[in-house]
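Per-entry structural report
Spelled out from the first residue to the last, the chains are:
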Amino acid sequence: MTQEERVARINELAKKAKEGALTPAEMAERAKLREEYLKDFRAGLRGQLDNTYVVGPDGVKRKLERKVTKKK
């Protein structure tokens, strides 16, 4: 399933949820699709940030460093 198809299906399920109740199978499908979407989104963003450079005032390019955070 492509990203566009996934977003369209998530939107269909969201519209259906607003109009009435979703079945347990539809709620599980919605949760799975949302998780897949977020996983792909985060991977794309991480890939973009991994290939991002910052040019300082002196003209030197340096790669962005990953910020280390503590998980609670």
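Data block above holds the structure.
Keep in mind the model is a prediction, meaning the values are calculated, not measured.

Another point: the overall build of the chain. What the chain contains, in helices and strands, is 2 helices and 2 strands. Tracing the chain from N to C terminus, the helices and strands come up as α-α-β-β. Here the C-alpha atoms of the chain give a radius of gyration of 19 Å, more than 25% beyond the 11 Å that 2.2 N^0.38 yields for 72 residues. Along the longest, intermediate and shortest principal axes, the C-alpha atoms of the chain span 60 × 30 × 20 Å. Residues counted as buried form 10% of the 72 residues belonging to the chain. Of the roughly 6500 Å² that the chain leaves accessible, carbon and sulfur atoms contribute 56%. Distance from the positive charge centre (19 side chains) to the negative charge centre (12 side chains) of the chain: 7 Å.

The subject of this paragraph is the pattern of salt bridges. In total, this model carries 7 salt bridges according to the counting rule given. Ionic pairing is found between Glu 36 and Arg 6, a salt bridge with its closest N-O pair at 3.2 Å. Of this pair, Glu 36 sits in helix α2 (residues 24-50) while Arg 6 sits in helix α1 (residues 3-19), and the two are 30 residues apart along the sequence. Take Glu 36: its relative accessible area is 26%, and that puts it in the partly exposed class. A salt bridge links Glu 26 to Lys 16; the nearest nitrogen and oxygen atoms lie 2.5 Å apart. Of this pair, Glu 26 sits in helix α2 while Lys 16 sits in helix α1, and the two are 10 residues apart along the sequence. One salt-bridge network, in which partners are shared between bridges, spans Arg 6, Lys 32, Glu 36 and Asp 40.

A few words now on the environment of Asn 11. Relative to the helices and strands, Asn 11 is located in helix α1. The spacing of Asn 11 and Tyr 53 is 42 residues in sequence and 35 Å in space, taken between C-alpha atoms.

Here we take up the environment of Lys 32. Relative to the assigned elements, Lys 32 resides in helix α2. For Lys 32, a relative accessible area of 53% gives the class exposed. In sequence terms Lys 32 and Ile 10 are 22 residues apart; their C-alpha atoms lie 9.8 Å from each other.

Rules used in this analysis
Each chain carries its own residue numbering, running from 1 in the written order of its sequence. Per-residue local features are limited, in this predicted model, to residues with pLDDT of at least 70; the limit for side-chain atom pairs, both in listing and counting, is 80 or more; totals at the level of whole chains, interfaces and linings are taken over all residues. Side-chain numbers here rest on the full set of heavy atoms in the structure, without hydrogens or water. In DSSP terms, a helix is any run of H or I states spanning at least four residues, a strand is any run of E spanning at least two, and both are numbered starting from the N terminus. For the radius of gyration, the atoms used are the C-alpha atoms, and the globule rule reads 2.2 Å times the number of residues raised to 0.38. Any residue under 20% of the maximum accessible area for its type is buried, any over 50% is exposed, and the rest in between are partly exposed; the area is computed with a 1.4 Å probe on protein chains only. Working definition of accessibility: Shrake-Rupley area with a 1.4 Å probe, residue cover restricted to the visible protein chains. Positive: Lys, Arg. Negative: Asp, Glu. His and the chain ends are not part of the count. Working definition for charges: the position is that of NZ of Lys, CZ of Arg, CG of Asp or CD of Glu. Here a salt bridge means any side-chain nitrogen of Lys or Arg lying within 4 Å of a carboxyl oxygen belonging to Asp or Glu.

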